[in-house]
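Residue-level structural notes
Each chain, letter by letter, is given below.
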Amino acid sequence: MAEPESLRCSSVRNRGGVQRVEGKLRASVEKGDYYEAHQMYRTLFFRYMSQGKHAEARELMYNGAILFFSYNQQNSAADLSMLVLEVLEKSDTKVEDEILENLAKLFSLMDPNSPERVAFVSRALKWSTGGSGKLGHPKLHQLLAVILWKEQNYSESRYHFLHSSDGEGCAQMLVEYSSSRGYRSEVDMFVAQAVLQFLCLKNKNSASVVFSTYTEKHPSIERGPPFVQPLLNFIWFLLLAVEGGKLTVFTVLCEQYQPSLKRDPMYNEYLDRIGQLFFGVPPKQSPSYGGLLGNLLNSLMGSGEEDDVAEEAHEDSSPIELD
């Protein structure tokens, strides 16, 4: 149905008004009147919000933040970025790729060491899943992962890749991470950890993609399967076993590769979880995981997961060190 002429005219007038206001504010910033311009942005934000002009408020704050970032006014830019999130939180704006890309853009421009950046990404992820307590929209996680990868913040990049659906990107990041920061003897451990964590998140597809891509592209891994490294052979067999779903195969596999699995005490803990998810292994008698494993799984899965995960996980969307 065509939009009524009156609504179209109103929309054009509103956009024209926003552009005129933006022109004046830009002129103030260009003259170096940063404080005055910032206060005017805030005044207009509350005016637009009180009038229910959410789209106009969001656009004005986003453009203002980008402008302040271009003049290295980090505090003012971060404040307007938070107001962008406030609009999203207080309106019924749907999650769309363009909005997620805008949020990622603001994140990329923030000082990586600023507390505002941590607060911003936490709120952005929460909004992207409707405040459900889950860990954020996969697309936003993927965008954040790529930004952190470019910053060579590999551990946090990996965290976000785990909550995206980009197994290929995760693998390429891990190849760079392993090649630049890891020991040659640990080349297999980088991908083993990622595969096991993807499986703990019930993401079989990304687990398979990250393994195949990593083993194909890593310069220190000879083409397989079979592989020279026993741990890589274990992961390969494990992925096949997950598809088959036979408990006896899984059990024998874990027993046969214990020497390799003992290289990291977390491997068998992850495999306990994988056994529950894919092979019907009953959970341990303790009501929930504790200690290091509990923190890792809670951070990986967050709260709000369905069925068997729901009672064990707690909300915690902060990036974690998984080395």
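Reading the values: the criteria
- Residues numbered from 1 in each chain as written.
- Predicted model: local features only at pLDDT ≥ 70, side-chain atom pairs only at ≥ 80, totals over all residues.
- Heavy atoms only, no water.
- UniProt positions renumbered as here; feature names shortened; annotations may be inferred.
- Helix = DSSP H or I, 4+ residues; strand = E, 2+ residues; numbered from the N terminus.
- Expected span 1.5 Å × (residues − 1).
- Buried < 20%, exposed > 50% of the residue type's maximum accessible area, 1.4 Å probe, protein only.
- Contact = heavy atoms within 4.5 Å.
- Core = buried A, V, L, I, M, F, W, Y, C linked by side-chain atoms within 4.5 Å.
- Salt bridge = Lys/Arg side-chain N within 4 Å of Asp/Glu carboxyl O.
- Phe/Tyr/Trp six-rings, centres within 6.5 Å; stacked < 30°, edge-to-face > 60°.
- Lys NZ or Arg CZ within 6 Å of the ring centre and 35° of its normal.

- Per an unreviewed UniProt entry, the chain is named Golgi to ER traffic protein 4 homolog, and its organism is Poecilia latipinna.
- On record in UniProt, under Sequence similarities (unreviewed entry), the comment for the chain is "Belongs to the GET4 family."
- UniProt annotates the chain under Subunit (unreviewed entry) with the comment "Component of the BAG6/BAT3 complex."

1. Considerations on helix α9 (residues 167-181)
- With 15 residues, α9 extends 20 Å from end C-alpha to end C-alpha; this agrees with the ideal 21 Å at 1.5 Å per step.
- Along α9, the residues that are buried comprise Gly167, Gly169, Cys170, Ala171, Met173, Leu174, Val175, Tyr177 and Ser178.
- Buried positions along α9 lie against α7 (138-150), α8 (154-162), α10 (187-200) and α11 (204-217).

2. Side note on the nonpolar core
- Of all hydrophobic cores here, the largest spans 50 residues; its most connected members are Val195, Leu199, Tyr214, Phe234, Leu238, Leu271 and Ile274.
- At the level of elements, α7, α8, α9, α10, α11, α12 (230-244), α13 (247-256) and α15 (266-279) are the ones that each hand at least two residues to this core.
- Broken down by element, this core gets its largest block of residues, eleven residues, from α10.
- Counting 42 residues, the second largest nonpolar core, distinct from the first, contains Tyr41, Ala57, Ile99 and Phe120.

3. Some remarks on the pattern of salt bridges
- For the structure on display, the rule yields six salt bridges.
- Aspartate 79 is paired through a salt bridge with arginine 42; the nearest N and O atoms lie 2.7 Å apart. Here arginine 42 lies in helix α2 (residues 34-50) and aspartate 79 lies in helix α4 (residues 74-90), a separation of 37 residues in the sequence.
- The shortest N-O distance in the salt bridge between lysine 90 and glutamate 86 comes to 2.9 Å.

4. Structural notes on unusual backbone geometry
- Following glycine 224, the chain continues into proline 225 via a peptide bond in cis, with omega recorded as 0°.
- As for its placement among the helices and strands, proline 225 is situated in the loop between α11 and α12.
- Here proline 225 and proline 226 are connected by a cis peptide whose omega angle stands at -5°.
- Relative to the assigned elements, proline 226 resides in the loop between α11 and α12.
- With a phi close to 60°, asparagine 72 is a non-glycine residue in the positive phi region.
- Residue classification places asparagine 72 among the exposed residues on the basis of a relative accessible area of 59%.
- Phi is positive for lysine 202, close to 65°, though the residue is something other than glycine.
- Along the chain, lysine 202 turns up in the loop between α10 and α11.
- For lysine 202, a relative accessible area of 31% corresponds to the partly exposed category.

5. Here we look at the environment of asparagine 153
- One can find asparagine 153 in the loop between α7 and α8.
- According to the relative accessible area criterion, asparagine 153 is partly exposed, its value standing at 26%.
- Spatially, the C-alpha atom of asparagine 153 lies 9.2 Å from that of tyrosine 177, the residues being 24 residues apart in sequence.

6. Here's the deal with the packing of aromatic side chains
- What the rule picks out here adds up to eleven aromatic pairs.
- Between tyrosine 41 and phenylalanine 68 the ring centres are 5.8 Å apart and the planes differ by 65°, which places this aromatic pair in the edge-to-face class. Taken together, the residues span a long stretch of sequence, with tyrosine 41 in helix α2 and phenylalanine 68 in helix α3 (residues 54-70) at a distance of 27 residues.
- Given the relative accessible area of 0%, phenylalanine 68 is considered buried.
- Geometry around phenylalanine 107 places arginine 117 over its ring, the cationic atom sitting 3.8 Å from the centre.

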